[in-house]
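Report on the structure
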Amino acid sequence: MSKMPAEENQARNPELPRVQLGRTDMMVSPLGVGTWSWGDHMIWGYGQSYTRQDLETAFRISVEKGINFFDTAEAYGWGQAERLLGQFVRLRTEPLVIGTKFLPSPWRLRKSSLLAALENSLNRLDMERVDLYQFHKHFPPVSFETWMDSLTEALETGKTRAVGISNCNCHQMLQAVDLFSERGMSLSSNQVEFSLLNREPEYEGLLEACHQQGITLIAYSPLAMGVLTGKYTPEHPPIHKFRLKERLALHAYSLVLPACSAAKACQFGPDEIIQIQPLIDLLGDIAAAHDKTPTQVALNWVMCKGAVPIVGVKNERQALENAGALGWSLKGTEVAELDEVSSKMQHFADSA
Ligand SMILES: NC(=O)c1ccc[n+]([C@@H]2O[C@H](COP(=O)([O-])OP(=O)(O)OC[C@H]3O[C@@H](n4cnc5c(N)ncnc54)[C@H](OP(=O)(O)O)[C@@H]3O)[C@@H](O)[C@H]2O)c1
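From a predicted model like this one, the values you see are computed outputs, not experimental measurements. (Residues numbered from 1 in each chain as written. Predicted model: local features only at pLDDT ≥ 70, side-chain atom pairs only at ≥ 80, totals over all residues.)

**A short note on the overall build of the protein**
Counting secondary structure elements, the protein contains 16 helices and ten strands. Over its C-alpha atoms the protein spans a radius of gyration of 19 Å, differing by no more than 12% from the 20 Å that the globule rule assigns to 352 residues. C-alpha atoms of the protein, sized along the principal axes, occupy 50 × 45 × 40 Å. Burial status across the protein gives 43% buried among its 352 residues. Pairs at least 24 residues apart make up 79% of the contacts formed inside the protein by residues separated by at least 6 positions. (Helix = DSSP H or I, 4+ residues; strand = E, 2+ residues; numbered from the N terminus. Rg over C-alpha atoms; globule rule 2.2 N^0.38 Å. Buried ≥ 20, exposed ≤ 12 C-beta atoms within 10 Å, placed from the backbone. Contact = placed C-beta atoms within 7 Å.)

Have a look at this one:
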């Protein structure tokens, strides 16, 4: 919830980098924070390896370092992520841009369920309106057009300042653009998976279409769920950090959502970690030249592409490191080198 115009804060702090959200008057930091793991016991083990205090500190540090854009969803932690985010926002006076999402589960058959869900999200966030309301992912049987129609209604209520979509390909996005422009409205964002290990939005032309249409491409899983930090080894691939209960939840998740990033990251076994080593090495070399870390380079690459990455953070250390991706930029030659090496690893986007 914005407490004062973002432009006003930027005028007071000219050093804060900001980019326009779609064609709105909202200015967001070029790097945002995602809250999928906040309050999630089922997959992420909230309360075990990280606590509410860790998240509150991560939030505070992110804001202090100039991040003003936070992404959540009704589905994260069964609503707990929205509750935590709302509580943390109330501790601050800075203007923040808060986005949440509606999940059109297959049992939600009535168009009105989107407006009801928005109301529930606002109650959990304890806000009168949200800055960005996003359609999480399309599931049948209700048609995409029907949901887009209800998204325009959400905008009309004034309970959201802007609307966006997520997990939509180029065709769906342009369909939504047409529908919105017929009503004199505009679509502000499309949130899709985009990282050095998944460049599908670039290859498919989605990124270019976003730039042409004035739509912000919000890049989720920009670190490929932590894989691009370089912290995993063939002896300790990602799956090792999950306990049995969480592995079962992930397995169930991957059956329902086979393309889900969590399910994919866990399939990075020892062989895949070995295969991506040239990319991790290059991230390390470029990082050393800038006195940065591979994580910061991986996030900066997404920003150099003209997308806004939203990175998941769980604690103070991660928040500090990730915020260090702001305020500098890779050289064109370095982006080209990363493009070249990562282009050989795009099979992970489909199969991993
Ligand atoms: N629209 C959608 O369908 C969709 C889907 C997925 C995500 N999202 C959004 O995108 C956000 C980010 O995506 P994501 O969480 O999937 O992936 P991500 O940002 O690529 O990775 C985040 C994970 O990497 C690890 N990490 C982060 N910073 C680190 C650092 N500096 N050093 C070491 N490890 C670090 C943390 O997990 P560990 O500490 O456990 O390693 C963290 O949870 C989500 O929170 C959510 O808001 C949206």
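The rest of the description comes next.
**A word on the pairing of strand S6 (residues 130-135)**
Counting buried residues along S6, six of its six residues qualify, which places the element largely inside the surrounding structure. Pairing between strand S5 (residues 97-102) and S6: four bridges, direction parallel. Bridge pairing in S6 places Gly99 opposite Leu132. Of the crossover connections in this fold, the one passing from S5 over helix H4 (residues 113-125) to the parallel S6 is right-handed. When S6 meets strand S7 (residues 160-166), the two strands line up parallel, connected through five bridges. In the sheet register, Tyr133 faces S7, and the bridge partner there is Val163. (Pairing = 2+ DSSP bridges. Right-handed = clockwise from strand over helix to strand, strands pointing away.)

**Structural notes on helix H8 (residues 206-213)**
The α-helix advances 3.6 residues per turn, and as a result positions three or four apart in sequence lie on the same side. All buried positions along H8 are accounted for by Leu206, Leu207 and Cys210. Projected onto a plane normal to the axis of H8, the buried residues spread over an arc of 100 degrees and lie on a single side. Buried positions along H8 lie against helix H6 (170-182), strand S8 (189-193), helix H7 (200-203) and strand S9 (216-220). Immediately beyond the C-terminal end of H8, within one or two residues, lies Gly214, with a positive phi of roughly 70 degrees. (Arc of directions from axis to C-beta.)

**Focus: the confidence of the model for the protein**
Summarising the model, the protein shows a mean pLDDT of 91, and 90% of its residues fall at 70 or more. Note on residues 1-6: pLDDT under 50 across the span, and 19 contacts to partners over four residues away in sequence or across chains. (pLDDT = per-residue confidence, 0-100.)

**Overview of the sheet that holds S7**
Strand pairing within a sheet occurs via backbone hydrogen bonds; the two strands may be parallel or antiparallel. As summarised here, the arrangement of the eight strands in space is S3-S4-S5-S6-S7-S8-S9-S10, forming a closed barrel in which the pairing is parallel. With strand direction ignored, the average angle separating the axes of adjacent strands in the sheet is 30 degrees. Each of S6 and S7 is contacted by helix H5 (residues 144-157), which is oriented at about 160 degrees to S7, the strand it contacts most. (Axes fitted to C-alpha atoms, helices over the stretch in contact; angles between N-to-C directions.)

**Structural notes on the site of the ligand**
Close to the ligand lie 30 residues; Gly34, Trp36, Tyr220, Gly226 and Gly312 are nearest. Broken down by secondary-structure element, the contributors of at least two residues to the shell around the ligand are strand S10 (308-312) and helix H14 (316-323). A breakdown of the residues in the shell around the ligand according to their chemical character gives nine nonpolar, 15 polar and six charged. (Near = placed C-beta within 6 Å. Nonpolar A, V, L, I, M, F, W, Y, C, P; charged D, E, K, R; others polar.)

**Digging into the packing of helix H3 (residues 80-89) against H4**
Their axes nearest at 7 Å, the elements H3 and H4 cross at an angle of 45 degrees. Relative to H4, the element H3 is oriented oblique. Across the interface between the two elements, Glu82, Arg83, Leu85 and Gly86 from H3 touch Ser121, Arg124 and Leu125 from H4. Taken together, the residues of the contact of H3 with H4 break down into two nonpolar, two polar and three charged. (Parallel < 35°, antiparallel > 145°, perpendicular 65-115°, else oblique.)

**Quick word on the nonpolar core**
Core analysis: the biggest nonpolar cluster contains 86 residues, and Leu85, Val97, Leu217, Ala219, Val227, Leu228 and Ala298 have the highest contact counts within it. Counting residues per element, this core draws most heavily on helix H13 (residues 294-304), at six residues. Sequence-distant contacts of Leu228, that is, excluding residues within four places in its chain, are made with Ser195, Leu196, Leu197, Leu223, Leu283, Pro294, Thr295 and Ala298. (Core = buried A, V, L, I, M, F, W, Y, C linked by C-beta atoms within 7 Å.)

**Examining H14**
Taken together, the buried positions of H14 are Gln318, Ala319, Asn322 and Ala323. For H14, the angular spread of the buried residues around the axis is 120 degrees, confining them to a single face. Tucked into the core, H14 has its buried residues touching helix H2 (52-64), H13 and S10.

**Here we look at the environment of Ser113**
Here Ser113 shows up in helix H4. Using a count of 18 C-beta atoms within 10 Å as the deciding quantity, one classes Ser113 as partly exposed. Expressed as a C-alpha distance, the spacing of Ser113 and Trp147, which sit 34 residues apart in the sequence, is 9.6 Å.

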